[in-house]
Amino acid sequence: GHWLTYCSLMVVCEHPGDEEDLMGEVLVGREGMMVRKLLKDAELSHAYLTYLVKCMTPTTPKASQIKTCGTRWLLQELGKIRPLHVVAMGKNPAKFLEKHLASSVQSAAFHTLPSPYVVLNSGKAHKAAANLFKEIKEKLSVRIDSPHS
């Protein structure tokens, strides 16, 4: 993810794909562009986008990769960003955050969605994601880019 000092919404996906790895950017492939469009459509353009596992893996990340990247990097990001809402996209981000989120950001609302791949390829999942992001936008009582205490 890109470091900011604060953001109301953090979206956590599993790991970068080929395009993200090649470009060194977060969520720039097909699935990533769809996530960005959903956020834009919900007027959540300042969301913090990141991964549970920071490096590209040819298959589903191993438990050791999830534990190492999650505890070393993602928990630091959560503490620094202090989001009001955290959206886990995919099973592994959801499992990791269910276990560790309360110790990192106690006041954050936690939401889960299927992986970006599923959201891209399933009309039902896509609609659920669009609705969730719109609900989050409505729940935010402060501007998306202003600090909170």
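Everything that follows concerns the structure shown earlier in this document.
Bear in mind the structure is a predicted one, so any value in this text is a computation, not a measurement.

Asker: Help me understand the packing of helix H2 (residues 30-41) against helix H6 (residues 123-139) in this model?
Answerer: Axis angle and axis distance: for two packed helices, these are the angle between their axes and the distance between the axes, and together they describe the pair. With their axes 9 Å apart at the nearest point, H2 and H6 run at an angle of 40° to one another. In terms of axis orientation, H2 runs oblique to H6. Crossing geometry of H2 relative to H6 is assigned as right-handed. The segment H2 lies against H6, with Met-34, Leu-38 and Leu-39 engaging His-126, Ala-129, Ala-130 and Phe-133. Counted by class, the contact of H2 with H6 contains six nonpolar, one polar and no charged residues.

Asker: Would you explain the nonpolar core in this entry?
Answerer: Across soluble globular proteins, you tend to see nonpolar side chains buried next to one another. Ranked by internal contacts, the top residues of the largest apolar core, which has 25 residues, are Leu-9, Val-11, Leu-39, Val-87 and Phe-133. Among the elements of the structure, strand S1 (9-13), H2, strand S2 (48-51), strand S3 (85-89) and H6 are those that each provide at least two residues to this core. The contacts of Phe-133, once residues within four sequence positions are left out, are Leu-9, Val-11, Leu-38, Leu-39, Ala-42, Leu-44, Val-87 and Leu-113.

Asker: When you look at helix H3 (residues 63-81) in this model, what are you seeing that I'm missing?
Answerer: The α-helix winds at 3.6 residues per turn, so residues separated by three or four positions along the chain end up facing the same way. In a regular helix each residue adds 1.5 Å, so 19 residues correspond to 27 Å; H3 covers 25 Å between its end C-alpha atoms and thus fits that length. Restricting attention to buried positions, one finds in H3 the residues Ile-66, Cys-69, Gly-70, Leu-74, Leu-75, Glu-77, Leu-78 and Ile-81. Looking at the residues trailing H3, positive phi occurs at Arg-82, about 50°.

Asker: Would you take a moment to explain the sheet that holds strand S4 (residues 109-113) for this structure?
Answerer: Each strand in a sheet pairs with another by means of backbone hydrogen bonds, the pair being arranged parallel or else antiparallel. Spatially, S2-S1-S3-S4 is the arrangement adopted by the four strands of the open sheet, whose pairing is parallel. Only two strands of the sheet have a single partner each, and these edge strands are S2 and S4. Adjacent strand axes in the sheet meet at a mean angle of 20°, parallel and antiparallel pairs treated alike. Strand direction decides the pairing type here: S1 and S3, joined by four bridges, are parallel. Note that in S3 the partner of Leu-9 across the bridge is His-85.

Asker: How do you make sense of H6 when you look at a structure like this?
Answerer: Taking 1.5 Å as the rise per residue, H6 with 17 residues should run 24 Å; its terminal C-alpha atoms sit 24 Å apart, in good agreement. Listing the buried residues of H6 in full gives Ala-125, Ala-129, Ala-130, Leu-132, Phe-133 and Ile-136. The buried residues of H6 occupy one face: seen down the axis, they fall within an arc of 160°. Every exposed residue of H6 that faces more than 90 degrees away from the buried side is listed here: Gly-123, Lys-124, Lys-127 and Glu-138. Next to the buried residues of H6 lie S1, H2, S3, S4 and helix H5 (116-121).

Parameters at a glance
The numbers attached to residues start from 1 for each chain and follow its sequence in the written order. Given that this is a predicted model, residues contribute local features only at a pLDDT of at least 70 and side-chain atom pairs are listed and counted only at 80 or more, while totals for whole chains, interfaces and linings are drawn from all residues. Hydrogens and waters are ignored; side-chain quantities use all the structure's heavy atoms. Only the contacting stretch of a helix is used when fitting its axis, a line to C-alpha atoms as for every element, and angles between N-to-C directions run 0 to 180 degrees. Put simply, DSSP H or I for four residues or longer makes a helix, DSSP E for two residues or longer makes a strand, and each gets a number counted from the N terminus. Roughly parallel here means an angle under 35 degrees, roughly antiparallel means over 145, roughly perpendicular means 65 to 115, and every remaining angle is called oblique. Here is the rule for handedness: rotate from the far helix to the near one, and if that takes an anticlockwise turn smaller than a right angle the crossing is left-handed, while a clockwise turn gives right-handed. Here, residues are in contact when the closest pair of their heavy atoms is within 4.5 Å. Gly is put with the polar residues, along with every residue not named as nonpolar or charged; the nonpolar set is Ala, Val, Leu, Ile, Met, Phe, Trp, Tyr, Cys and Pro, and the charged set is Asp, Glu, Lys and Arg. Residues belong to a common nonpolar core when they are buried Ala, Val, Leu, Ile, Met, Phe, Trp, Tyr or Cys residues joined through side-chain atoms within 4.5 Å. When a residue's accessible area, from a 1.4 Å probe over protein chains only, is under 20% of the maximum for its type it is buried; when over 50% it is exposed; and in between it is partly exposed. Helix span, as expected, comes to 1.5 Å for every residue beyond the first. A pair of strands is considered paired only if DSSP assigns at least 2 bridges between the two. Throughout, the arc means that of the directions going from the helix axis to the C-beta atoms.

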